[in-house]
Amino acid sequence: MSSISSASRWGRHVTGAALAILFLSPLLWSGWASLRTDTGFGLENYDRLFTSDNGIRLQHVLNSVAVSALTVVGTLVVATLGGYAFGRFTFPGRDLLFLVTLAILMVPYATILIALYVLLGWIGLQDSLIGLSLVLIMFQLPFSIFMMRNSFEAIPKELEESAYVDGCNSFSALLRILLPAVRPGLITVGLFAFLTSWSEFFAPLILLNSTDRFTTTLAVVNMRTASHGSIDYAALEAGVVFMAVPCLLLFAFMQRSYVRGFISGALKG
Amino acid sequence: MKRNLAGRTTSLLAAALLVAGLSACADDKAADATSVAGVDDGATLTLWTRAATESVTKAYAEAYNKTHKNQVQVTAYPGEEYPAKLASAAGAKALPDLFASDVVFSAQFASEGLWQDLTARFDASGFKGKVAPAHVAAGTWEGKTYALPHTIDMSVMLYNKDLYTRAGLDPEKGPTSLTEYAEHARKIDALGGDINGTYFGGNCGGCVEFTFWPSVWAAGGNVIDDKGRNAKVDSKEMADVFALYRKLYDDGVAAPGSKDEAGPTWLGALQNGKIGIAPGPSVWLGIIEKAGVKMGVAPITGLTGGESTFVGGDAIGISATTAKGNQAWDFIKWTMSDEAQIEIIAKNTGVPFRTDLAENKYSSADPRIVMINKLMAKGKTPYARNFNASFNDPQSPWLATVRGALFGDAGKALTDGNIAISKSLQQS
């Protein structure tokens, strides 16, 4: 009996270790490659990443932080209100509206970017970080509204009704009672928005036009310097590691809520 | 990932062309106020280029900004995605005042009306006939000049002097024919160990154009006709060149990595000092020597002699939608001056695009540089409107032809490839 359970424990460890190696190896390899130099190991590649002609500047990092922050906040606001409405109220056209939100997923990303670029021009937001964030928020909406709708639906009706009895209206009930209840969902949506906006490459490429507004991802990809696509791999790996660190830290701190957010709503009776 | 990006780029281009089609007759609005002399009145000019040549463009801009009221701001984009960026900006009518691009795109951009007609300004500039003829030809569409040279990157034979000495060859004498090149490569390969005779980008359409075509041109052949409408890939000249490189690979003289080299590790392979002689970009001479490898330079030759080069690099033009054409022209005109070409380009061991400046106070110190500079006038830049899709794109019929000619059924690949490339060239 005990031998079976210890065997199954071993099995679990081995499988877990194998999966960890599988998923971690590219990252570990990047870390290793980023430290390797012609003469051994050192920080030369990182030095080149930050000091070469077209390397990363502080400005690029600040831009990335600004875009990510705007995207996360914007996504949370819209997804909370949207998810609340879809999950808690019945109104004419609700299902159609939800379908339209999901339809964002059905349009090929690259083709719609140009139209969005023209549109941003009309409202004076071409080559601006705010414009870029608006576009990123829009592409976050299908997933985040879907997530938040499920989160709100999973909350028992009684919780809300008791709030009404205590004199809340629908908005203050949301703020005081429901928001704490959907916290795992909010963290999942926020983290997802951060990870996507932090590493997004194509939208900044098309929507930004001046070097001092570039995000870090663009700057890192620009490290490919020599002709015929020749890549400075070592510096590129250093850039990859530099970009991955904030994501890993955030994920490590929030993974408990992140996982809980995904299963909330899935267990709804 | 790469395929994904290529797919995205293609759909982006298609969408951009759709949008651009709606606004194709928007140019000529500034035509009545055109000044052939250029205007320096303190305008801010935006200039886009690709990251590979960014440093040169920035050096131009810095020097120009110091001595002029106009201020040029340079933005560089990753080379692979740059065409998509230009296409989307053109579609949104948000092109910068000036943009440089890989010279092989010139005919395409000119035909799509993205650049202003520079004919009158160029005629009056005093530089006509003095700047890289291959680039000027590439920037001409239906008899009008739309783009002028900006930076030069040419293909030459780069050889490792130490390995030449070790193999008993004269390190001061590069090969004078392609056959001799193969002999040299074989002798060096015979040194054994991890030393290889030669190297090439066998999975990179752009690399093969850049390094093989000069041998075809030197032998008097051509790869596409002058109008860029028909391929001549199945010519004897082209087949001979492919056969020579193929044999080098089959015999193990070319490093095994040559078969899958798609570009990214090409420079690294030459930098590590284990390759005897290989055709490559002239701009790498300095980069390779910085890694501590002593290099010799020779022209790329035909099978039995003659010499030529692929004149690559970037061309620059004034975008069709800008209202600051006169100021933009002031910058372009200045880049053609002795000051810019000698003090910025030649001083940093670049190739001046002025043919009359091949010998200058900086190049005279290094006979290799004079040789490279002089080679420019003999070189060619291929001219075709649909060049990128036909030759440079990873999905191009040219790359399929190259793969077949080097590693598959050569005869069939060249015959079929010629039909496929011609078809692609005629697509508009």
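The rules behind each value
Residues numbered from 1 in each chain as written. Chains lettered and ligands numbered in written order. Predicted model: local features only at pLDDT ≥ 70, side-chain atom pairs only at ≥ 80, totals over all residues. Heavy atoms only, no water. Helix = DSSP H or I, 4+ residues; strand = E, 2+ residues; numbered from the N terminus. Buried < 20%, exposed > 50% of the residue type's maximum accessible area, 1.4 Å probe, protein only. Contact = heavy atoms within 4.5 Å. Areas by Shrake-Rupley, 256 points an atom, 1.4 Å probe, with all protein chains shown as cover. Lys, Arg positive; Asp, Glu negative; His and termini not counted. Charge placed at Lys NZ, Arg CZ, Asp CG, Glu CD. Axes fitted to C-alpha atoms, helices over the stretch in contact; angles between N-to-C directions. Parallel < 35°, antiparallel > 145°, perpendicular 65-115°, else oblique. Left-handed = near helix turned anticlockwise from the far one by under 90°. Nonpolar A, V, L, I, M, F, W, Y, C, P; charged D, E, K, R; others polar. Phe/Tyr/Trp six-rings, centres within 6.5 Å; stacked < 30°, edge-to-face > 60°. UniProt positions renumbered as here; feature names shortened; annotations may be inferred. Domains from an automatic or database assignment. Buried area = accessible area lost by both parts, 1.4 Å probe. Expected span 1.5 Å × (residues − 1). Arc of directions from axis to C-beta.

1. Regarding the overall build of chain A
Counting its secondary structure elements, chain A contains twelve helices and two strands. Principal-axis analysis of the C-alpha atoms gives chain A an extent of 70 × 70 × 30 Å. The proportion of buried residues among the 269 residues of chain A is 45%. Taking all contacts inside chain A whose residues are at least 6 apart in sequence as the whole, residues at least 24 apart take part in 77%. Summing over all exposed atoms, chain A offers an accessible surface of approximately 14200 Å²; the carbon and sulfur share of this is 71%. Positive and negative side-chain charges of chain A, numbering 16 and 15 respectively, have mean locations separated by a distance of 10 Å.

2. A few points about the packing of helix H7 (residues 157-165) of chain A against helix H8 (residues 170-181) of chain A
All names here are of chain A. Orientation of H7 relative to H8, taken along the N-to-C sense of each, is 140°, at an axis distance of 10 Å. Between H7 and H8, the interaxial angle falls into the category oblique. Regarding H7 and H8, the two cross each other, and that crossing is right-handed. Taking contact as the criterion, the partners of Leu-159, Glu-160, Ala-163 and Tyr-164 in H7 are, on H8, Ser-170, Ala-173, Ile-177, Leu-178 and Ala-181. For the contact of H7 with H8, the class distribution of residues is seven nonpolar, one polar and one charged.

3. What about the packing of aromatic side chains?
We describe a pair of aromatic rings using the distance from one ring centre to the other and the angle between the two ring planes. All names here are of chain B. Within this structure, the stated rule accounts for 38 aromatic pairs over all chains. Summarising the aromatic geometry, the rings of Tyr-64 and Phe-331 are spaced 5.1 Å apart at their centres and angled 85° between planes, so their arrangement reads as edge-to-face. A residue pair is termed long-range when its members are at least 10 positions apart, and Tyr-64 in helix H2 (residues 54-67) and Phe-331 in helix H13 (residues 325-335) qualify at 267 residues. The exposure classification of Tyr-64 matches that of Phe-331, with both residues buried. Taking 6.2 Å as the distance between ring centres and 80° as the angle between the ring planes, the aromatic pair formed by Trp-213 and Phe-387 counts as edge-to-face. Taken together, the positions of Trp-213 in helix H9 (residues 205-218) and Phe-387 in helix H16 (residues 387-392) put the pair 174 residues apart, joining distant regions of the chain. You'll find Trp-213 and Phe-387 in the same group, each marked buried.

4. Details of the UniProt feature "transmembrane region" (unreviewed entry) in chain A
Taken from the UniProt record, the annotation "transmembrane region" (unreviewed entry) applies to residues 61-84, 96-123, 129-148, 186-208 and 233-254 of chain A. Taken as a whole, residues 186-208 of chain A contains 87% helix and 0% strand, while its terminal C-alpha atoms sit 29 Å from one another.

5. Quick word on the domain arrangement of chain A
Residues and elements named next belong to chain A. Each assigned domain of chain A is listed with its residue range as follows: domain 1 (6-41) and domain 2 (47-267). Each of domain 1 and domain 2 has a C-alpha centre, and these two points are 29 Å apart. The interface of domain 1 with domain 2 comprises six residues on the first partner and seven residues on the second. Both faces combined, the contact of domain 1 with domain 2 buries some 470 Å², and carbon together with sulfur accounts for 74% of it.

6. Remarks on unusual backbone geometry
Phi at Asp-127 of chain A takes a positive value of approximately 55°, unusual for a residue other than glycine. Position of Asp-127 of chain A relative to the elements: it lies in the loop between helix H5 (109-122) and helix H6 (129-154). In this structure, Lys-93 of chain B is a non-glycine residue whose phi angle is positive, near 50°. With respect to the secondary-structure elements, Lys-93 of chain B resides in the loop between helix H3 (82-91) and strand S3 (98-102). With relative accessibility at 49%, the residue Lys-93 of chain B sits in the partly exposed group.

7. What about the environment of Gln-427 of chain B?
Residues and elements named next belong to chain B. Mapped onto the elements of the fold, Gln-427 is located in the segment after helix H18 (410-426). Among the residues examined, Gln-427 registers a relative accessible area of 48% and is labelled partly exposed. Distance in space between the C-alpha atoms of Gln-427 and Asn-386 is 7.2 Å, their sequence separation being 41 residues.

8. A look at helix H8 (residues 178-189) of chain B
Residues and elements named next belong to chain B. The end-to-end C-alpha distance of H8 is 16 Å, a good match for the 16 Å that twelve residues give at a rise of 1.5 Å each. Of all the residues in H8, the buried ones are Leu-178, Tyr-181, Ala-182, His-184, Ala-185, Ile-188 and Asp-189. One side of H8 holds all its buried residues, which, seen down the axis, span an arc of 160°.

9. As for the domain arrangement of chain B
Residues and elements named next belong to chain B. According to the domain assignment, chain B contains domain 1 (44-153 + 312-376) and domain 2 (155-309 + 386-426). On a C-alpha basis, the centres of domain 1 and domain 2 stand 27 Å from each other. Between domain 1 and domain 2, the residue contacts involve 13 residues of the former and 18 residues of the latter. Taking both partners together, domain 1 and domain 2 bury about 1200 Å²; carbon and sulfur atoms supply 67% of that area. For the domain 1 face of the interface with domain 2, the top three residues by lost area are Asp-153, Arg-368 and Leu-375, together amounting to 49%. Elements supplying a minimum of two residues to the side of domain 1 that touches domain 2: strand S6 (148-160) and helix H15 (367-375). If you tally residues by element for the side of domain 1 that touches domain 2, the top one is H15, at five residues. The residue inventory of the side of domain 1 that touches domain 2, partitioned by class, reads eight nonpolar, two polar and three charged.

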